[in-house]
Amino acid sequence: MASLPENDTDFHAARRASDHESFLVHRRMRWAKVAGALCLSAFLGYFLIDQQPRPNGGSWYGYTLGTIGLGLIVWLSLLGVRKRNMSEGRWSLKAWTSAHVYLGLSLIVIGTLHTGFQLGWNVHTLAWALMMLVIVSGLYGVAVYVLLPGQLSANRKETTRAQMIAALAAIDRQLKHAAQPLGREQSDLVIAALEQDVFGGGAWARLTGRYPNCATRRALCGLPDDFRTMADNTGPEERVRVLLRRRDAQLGQIRRHLRLKALLEVWLFVHIPATIALLAALFAHVTSVFYYW
Amino acid sequence: MPEAFQVAIIGSGPAGLSAAARAAALGMSHVLIEKADHLSDTIFKYQKGKHVMATPSSLVLRSDIDFDAGKREFVLDTWNEQTDGHKVNVAYNAEIASITGEKGDFLLKTKSGTEFRAASVVVAIGTQGNPNLVRCPVGEGAVVQYQLDDPGEYIDEHIVVIGAGDAGIENAMGLASDPQQRNTVTIVNRSADFATAKAANVAALRAMEAEGRLIVRIETTASAIDKGEITLDTRDGEVKIPCDRVIARMGSAPPRAFVEGICAKFEEKDGKKAIVAGTGVQFTSPDRVAYPKLSPTFESTVPGVHVIGALAGYPLIKHCMNQGYDVIEFLNGNRDLKPADEPILAAKFARLPGNRSVDDWLAIFGQNILIFQDVSPLQLRELMLDSQVHAFAAGEVIFARNDTGSSMFAIAQGSVGVEVNPDDPSITVPIGQGSIFGEVGLISGRRRGATIRAAEPVVAIELSRTAALKLLATSPGASRAVTRISIERQLLQMFGSGLTSQDVAPLVDSAEVMQVRAGEVVIAEGGDDKDVFIVRRGSMIVEKQIGGRQVFLSYLPAGSYFGEMAVIDGAPRSASVKAAIKSEIIRLPGDGFMALLASNPKLRERALSDMASRREVNAFVESRKNSFGSAVDMYSETAQFLVDNGIGEATDVLLIDEKLCVGCDNCEKACADSHDGLSRLDREAGRTWAHLHVPTSCRHCEHPHCMADCPPDAIRRGPDGEVFIDETCIGCGNCQRNCPYGVIRMDARPPAKPSLIQWLLFGRGPGPGEAPYAWRKKAAEAEGVERPKVAIKCDMCAGIEGGPACVRACPTGAAIRVAPEKFLSIARLESVE
């Protein structure tokens, strides 16, 4: 039907990607392949090399695995710096994340083979355990990064956080106005709803999205639809009821947003402190190993 | 009989003020006529404390009044003081309604009936215009005002705001915002919707209405205003409501009609008063951007009436002030005065061979170059200020294929060769002296299509986009010449090498440039019309009816051609083509096209093979319609969503896949850290469809709206296609208002933050990303340097190795920047499979 001018598309194709590609499948899973190869060779080495007297972190092969593992851990922890340091150059944070995920997973194999399965109650095993904790928390992170963004987007419905808050404030203003003609008992319910810290309830409420003490809900229960007085459904009570329902829906959207954001971020509160603890434990592990050589 | 002055100057802005001061200094009898009760109304109306800039810095100021960059108050104080010092004769509160008479004896009448007589008139009224007045009868004692300075001033009043544009809505909301004022505010809108206002303002207005804080009346007009009462004409009949004050915000009329009516003869035409052709001050064309025709001494087509300043096409303060000085010097008989820009032009022309004077070069340009032939010397001078002159040695590359550039070149001396075949640079098509090249980039806003080399030593003028567009809008001759040349070139480029301009001449003669509205169908599927079209500017989308649904087939940017299949095979149209945005297309009659193919067997073969591949795509889509109906729907709807969101005019757009976006805002942080600490994108804002999100971020439009009205011409297109704002920005905010996508912000560049290491280790500074406003304010105060607010927008990270920071900094791959035709290609559909 038609011909395109060729020059533009050629130019862009040469320069950058034209489609969305997740960090998990970045460059046809290049880093998954690298990490897989690393694990495979570590396994082969472990079973083919005759380690005397038994597989151990102190054999030459154990030292090799330990050095690789240490190098990887230090490099993996540098993602936090890379992410914040917006320097020039042809790097992409997506490639870093991809490598971080797959090489991090390969540490399960490398680190565990390095122990020679000699676990005990000591600083060495502490380092291994911390490493596993970091990896498991990271796995949770990968899982929520895959599962939740779609829900976050669907819940947002093109509104920004600021707009959601502004919409709530607008409903509150209308509610205040509309509740003036109500009786004492009912206006107390509305006042309680308006005065409540709607996002309070602590970390648990944030993560589960359950707010059992929600005063807006209570106010809705306190102003039930009275079907016997259907004729009078334009009165002040009905207006307040409509506004309360709207407020409830708006709160629901904001709370779902906060919940999803919290689920997307909560693992970092384990992942990062555990990484710092791991680096400290590794320092102790390496120092003690060399001290008691 | 009023006193006769040597010169009457209308308007006390920078141009008028400078003219009056010069007249006072020369001892000429003069009067400076100002409609307001203060000098320089446009700058007076700037917000308090606004930093007024003095660009271009290379231009020397030649005026009896001082001017330097600084706060609005400082500038106005200086002018007020010096106007008094020069004993300028100012008539305030005098709005001129008509000017009659002739050179030597003009009669100027104000609205209030005062009269002035003057031998010459200088019109320096700027382009701000006057507010449209209410047309209904206004009774004695009724208060009608056209401006609202402080909404907090009025209490306990019934106020009616007429006009529901942004100004009216903002005024109404301001008046109703504080319930303590107890005002009853009504806003009256003539139509049912708020078409001219920003969506955010309309939403806020509706919210206030819902809260009962103000009253919105739609489909209503005022029919009479009396003291304490207004009569409204509503859909349900006449309504009278109490009203102590009317605030009318119904836009303003550009001053052009007034200027055209100066000394004009009027006649009755179809019952309306019309100007007799050839009388009054004439403009160069009916185009909205046209300026009055002026002589080198700023004299209009009415002898004795001079036009200077923004109205004459010079929006910058320094230009205006220099012209004020110059026009009075000319009137005083100084014929040797060189314009103040002479040194700038001399410096520009110094690089040209032959050691000629500025006047010599201007004469050569005017004589040799086809498109300058009906351009006045004054206009040519102005054009040269916005342009570059170049001397190229034989064999030198002037620009290369795929370079970006929206400038147009004119050859003053010598000739160039166009490398039509990128694979074989030895095949060239010559372009001779007096002609132009580079016009495709100007018209379509796309990359250069071919490399151009100087064939012999060449002197060429490079007209910036703004200069070239101004020329085309004001000179019909230049516009015709450029249109013809560009059609011919587009044909030659489209059909590749082997054709000469003689071959395509009949087709060029029969070609027709057509304007199409967004959404207008150019070709209807199944039709048996037989024309071929080229997209000149804008873009098209191709759709096909499959299984009862419109399926999006492809997106055609400027430079594409379509419609040739039906011509070649004689079959009905196989798909529909409609405009994605307002576009310009060239229609070529089908028989002319066939004749061209018949005489060029090679060309025919190529056209046939091109056609075969497109048939394949059609067949592919057709064959899969059952197996992936939902994928096809998805693809079509995604394409439609993107087109609805202005992708049709984009060259490069940030798209976020919200199935991947975790909302970390690292894109915004990276943007801020790469550009002076301010983010140029808003990730969350913007439209979303099926998890595909178009955030608020510049799309680098083919014909950027922001460029339309930039006084210092600070917005340009860079080497990677990016539209950027350079350091000459004066912070006027025009681009922000003109951008339909809201991607430009006005802000002061904050001081540098402490380094990342300092933040990581010691917690110093606000950390990565844009610092909060409070921190920026505090840091700027601590620094003690005044930083003006300037326009800030995405520059696609030009000059930063690695490309756009937002994309590089995305940890999950959710963000990409992409050209629309690349994203909207059928390849996506194949990959869905």
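Owing to the predicted nature of the structure, the values given are computational and were not obtained by experimental measurement.

Our focus in this paragraph is the overall build of chain A. Tallying secondary structure elements over chain A gives 12 helices and 1 strand in all. Shown N-terminal to C-terminal, the secondary structure of chain A runs as helices and strands in the order β-α-α-α-α-α-α-α-α-α-α-α-α. In terms of overall dimensions, chain A is more spread out than a globule: its C-alpha atoms have a radius of gyration of 29 Å, far above the 19 Å expected for 293 residues. Principal-axis analysis of the C-alpha atoms gives chain A an extent of 90 × 70 × 35 Å. Taking contacts inside chain A between residues at least 6 apart in sequence as the whole, the part at least 24 apart equals 77%. Carbon and sulfur atoms form 65% of the exposed surface of chain A, whose accessible area is close to 16,300 Å². When the 32 positive and 20 negative side-chain charges of chain A are each reduced to one mean point, those points stand 6 Å apart.

This brings us to the overall build of chain B. Broken down by element type, chain B carries 25 helices and 45 strands. Over its C-alpha atoms chain B spans a radius of gyration of 30 Å, differing by no more than 12% from the 28 Å that the globule rule assigns to 833 residues. The principal-axis extent of the C-alpha atoms belonging to chain B is close to 85 × 75 × 70 Å. For chain B, restricting intrachain contacts to residue pairs at least 6 apart in sequence, the fraction spanning at least 24 positions comes to 69%. When the accessible surface of chain B is split by element, carbon and sulfur atoms take 51% of a total near 35,400 Å².

Contacts between the two partners involve 79 residues from chain B, matched on the other side by 53 residues from chain A. Summing both sides of the interface, chain B and chain A together bury roughly 5,300 Å²; the carbon and sulfur share of this comes to 54%. Looking at the side of chain B facing chain A, the largest losses of area belong to B:Glu211, B:Glu684 and B:Arg808, adding up to 13% of the total buried there. Summed over the shared surface of chain B and chain A, the number is 2 salt bridges. Between A:Arg156 and B:Glu658 there is a salt bridge whose closest N-O contact spans 2.8 Å. Where chain B packs against chain A, one counts 19 residue pairs in polar contact (both at pLDDT 80 or more). Here the element with the most residues in the side of chain B that touches chain A is strand E39 (residues 682-689) of chain B; it accounts for 5 residues.

It is worth spelling out unusual backbone geometry at this point. A cis amide bond links A:Gln52 to the next residue, A:Pro53, at an omega of 0°. Secondary-structure assignment places A:Pro53 in the loop between helix H2 (26-48) and helix H3 (60-77). Even without being a glycine, B:His691 presents a positive backbone phi close to 65°. Of note, B:His691 is situated in the loop between E39 and strand E40 (692-696). Look at B:His691 and you get partly exposed, because its relative accessible area is 24%.

Next up on the list: the domain arrangement of chain B. When the parts of a complex come together, some accessible area is lost, and that lost area is often used as the size of the interface. Domain boundaries assigned for chain B yield domain 1 (4-127 + 255-331), domain 2 (144-253), domain 3 (342-507), domain 4 (513-627) and domain 5 (639-749 + 787-832). Computed from C-alpha atoms alone, the centre-to-centre distance between domain 1 of chain B and domain 4 of chain B is 53 Å.

The next point concerns the sheet that holds strand E22 (residues 387-392) of chain B. Residues and elements named next belong to chain B. The strand order across the open sheet formed by 4 strands is E22-E29-E24-E27, and the pairing between neighbours is antiparallel. The sheet terminates laterally at E22 and strand E27 (436-437), the two strands that pair on one side only. Across 5 bridges, the pairing between strand E24 (residues 408-413) and strand E29 (residues 458-463) is antiparallel. Its bridge partner lying in E29, Ala410 is registered against Ile461.

Let us now look at the nonpolar core. Counting residues in each nonpolar core, the largest one holds 60 residues, and the members touching the most others are B:Trp79, B:Ile99, B:Leu108 and B:Phe116. The leading source of residues in this core is helix H1 (residues 14-26) of chain B, at 7 residues. Once residues within four sequence positions are removed from consideration, B:Leu108 is found in contact with B:Ala8, B:Ile10, B:Ile33, B:Ile96, B:Ser98, B:Ile99, B:Thr114, B:Glu115, B:Phe116, B:Ala118 and B:Val121. Core analysis: the next-biggest nonpolar cluster, separate from the first, contains 39 residues, A:Cys39, A:Tyr61, A:Leu107 and A:Ala281 among them.

Time to look at the packing of aromatic side chains. All names here are of chain A. The final tally for this structure, using the stated rule, is 17 aromatic pairs over all chains. Taking 6.1 Å as the distance between ring centres and 80° as the angle between the ring planes, the aromatic pair formed by Tyr46 and Phe117 counts as edge-to-face. With a gap of 71 residues between them, Tyr46 in helix H2 and Phe117 in the loop between helix H5 (93-115) and helix H6 (123-156) connect regions that are remote in the sequence. On the basis of relative accessibility, which here comes to 55%, the residue Phe117 falls in the exposed class.

What follows deals with the confidence of the model for chain A. Residue and element names in this part refer to chain A. Summary statistics for chain A give a mean pLDDT of 88 and a share of 91% for residues scoring 70 or more. Within chain A, no element has a lower average pLDDT than helix H1 (residues 6-15), which sits at 45, and none a higher one than H5, at 96. Across residues 6-15, where pLDDT falls below 50, the model places 20 contacts with residues more than four positions away in sequence or in other chains.

Turning our eyes to something else, we now look at the environment of B:Arg764. Residues and elements named next belong to chain B. Its place among the elements puts Arg764 in the loop between helix H21 (756-762) and helix H22 (773-783). Along the sequence, Arg764 and Met707 sit 57 residues apart, while their C-alpha atoms lie 40 Å from each other. Residues contacting Arg764, with those up to four places away along its chain left out, are Pro754, Gln758 and Trp759. Within the structure, the side chain of Arg764 is placed 2.6 Å from the side chain of Gln758, a separation counted as a polar contact.

Residues and elements named next belong to chain B. Sheet architecture is open: 4 strands sit in the order E23-E28-E25-E26, paired in antiparallel fashion. Every other strand in the sheet has two partners, leaving strand E23 (397-399) and strand E26 (428-431) as the edge strands with one partner each. Going across the sheet, the axis of each strand differs from the next one's by a mean of 35°, ignoring polarity.

For the rest of this paragraph, the subject is the pattern of salt bridges. Side chains that differ in sign of charge can pair as their charged atoms come close. All names here are of chain B. Going through the model one piece at a time under the given rule, you end up with 46 salt bridges over all chains. Asp747 is the salt-bridge partner of Arg776, the closest N and O atoms lying 3.4 Å from each other. On the criterion of sequence distance, the pair formed by Arg776 in helix H22 and Asp747 in strand E43 (residues 745-748) is long-range, its members being 29 residues apart. For the pair formed by Arg776 and Asp747, the shared burial category is buried. Residues Glu783 and Arg787 are paired through a salt bridge, measuring 2.8 Å at the closest nitrogen-oxygen approach. Classification of Glu783 as partly exposed rests on a relative accessible area of 36%. Here Arg787 falls in the partly exposed class, since its relative accessible area comes to 31%.

Another point: a nonpolar patch on the surface. Among the surface-exposed residues, A:Leu70, A:Val74, A:Leu78, A:Val81, A:Leu279, B:Ile757, B:Leu760, B:Leu761 and B:Phe762 lie close enough to one another that they form a single nonpolar patch of about 800 Å² accessible area. Those elements giving two or more residues to the nonpolar patch turn out to be H3 of chain A together with H21 of chain B. Per-element accounting of the nonpolar patch gives the leading share, 4 residues, to H21(B). Note on placement: A:Leu70 falls in helix H3. Residue classification places A:Leu70 among the partly exposed positions, given a relative accessible area of 33%.

Here the idea is plain: a probe the size of a water molecule rolls over the atoms and shows the empty space left. All names here are of chain B. Applying the stated criterion across every chain, the model contains 9 cavities of 30 Å³ or more. By volume, the largest cavity is sized at about 180 Å³. Surrounding the largest cavity, 15 residues form its lining, Phe298, Gln323, Asp326, Pro339 and Asp341 being those nearest its centre. A total of 5 residues in the lining of the largest cavity trace back to one element, the largest contributor, which is helix H7 (residues 317-331). Of the residues belonging to the lining of the largest cavity, the class tally is 9 nonpolar, 3 polar and 3 charged. Here the lining of the largest cavity gathers at least three residues from each of two domains, domain 1 (4-127 + 255-331) and domain 3 (342-507).

Reading the values: the criteria
- Residues numbered from 1 in each chain as written.
- Chains lettered and ligands numbered in written order.
- Predicted model: local features only at pLDDT ≥ 70, side-chain atom pairs only at ≥ 80, totals over all residues.
- Heavy atoms only, no water.
- Helix = DSSP H or I, 4+ residues; strand = E, 2+ residues; numbered from the N terminus.
- Rg over C-alpha atoms; globule rule 2.2 N^0.38 Å.
- Contact = heavy atoms within 4.5 Å.
- Areas by Shrake-Rupley, 256 points an atom, 1.4 Å probe, with all protein chains shown as cover.
- Lys, Arg positive; Asp, Glu negative; His and termini not counted.
- Charge placed at Lys NZ, Arg CZ, Asp CG, Glu CD.
- Buried area = accessible area lost by both parts, 1.4 Å probe.
- Salt bridge = Lys/Arg side-chain N within 4 Å of Asp/Glu carboxyl O.
- Polar contact = N/O pair within 3.5 Å; in protein donor to acceptor, adjacent residues only side chain to side chain.
- Buried < 20%, exposed > 50% of the residue type's maximum accessible area, 1.4 Å probe, protein only.
- Domains from an automatic or database assignment.
- Pairing = 2+ DSSP bridges.
- Core = buried A, V, L, I, M, F, W, Y, C linked by side-chain atoms within 4.5 Å.
- Phe/Tyr/Trp six-rings, centres within 6.5 Å; stacked < 30°, edge-to-face > 60°.
- pLDDT = per-residue confidence, 0-100.
- Axes fitted to C-alpha atoms, helices over the stretch in contact; angles between N-to-C directions.
- Patch = residues over 30% accessible without salt bridge, like charges linked within 9 Å, V, L, I, M, F, W, Y side chains within 5 Å.
- 1 Å grid on protein atoms, 1.4 Å probe; cavity = no way out; pocket = protein on both sides within 12 Å on 5 of 7 lines; lining within 4 Å.
- Points joined across faces, edges and corners; volume = space filled by probe spheres on them.
- Nonpolar A, V, L, I, M, F, W, Y, C, P; charged D, E, K, R; others polar.

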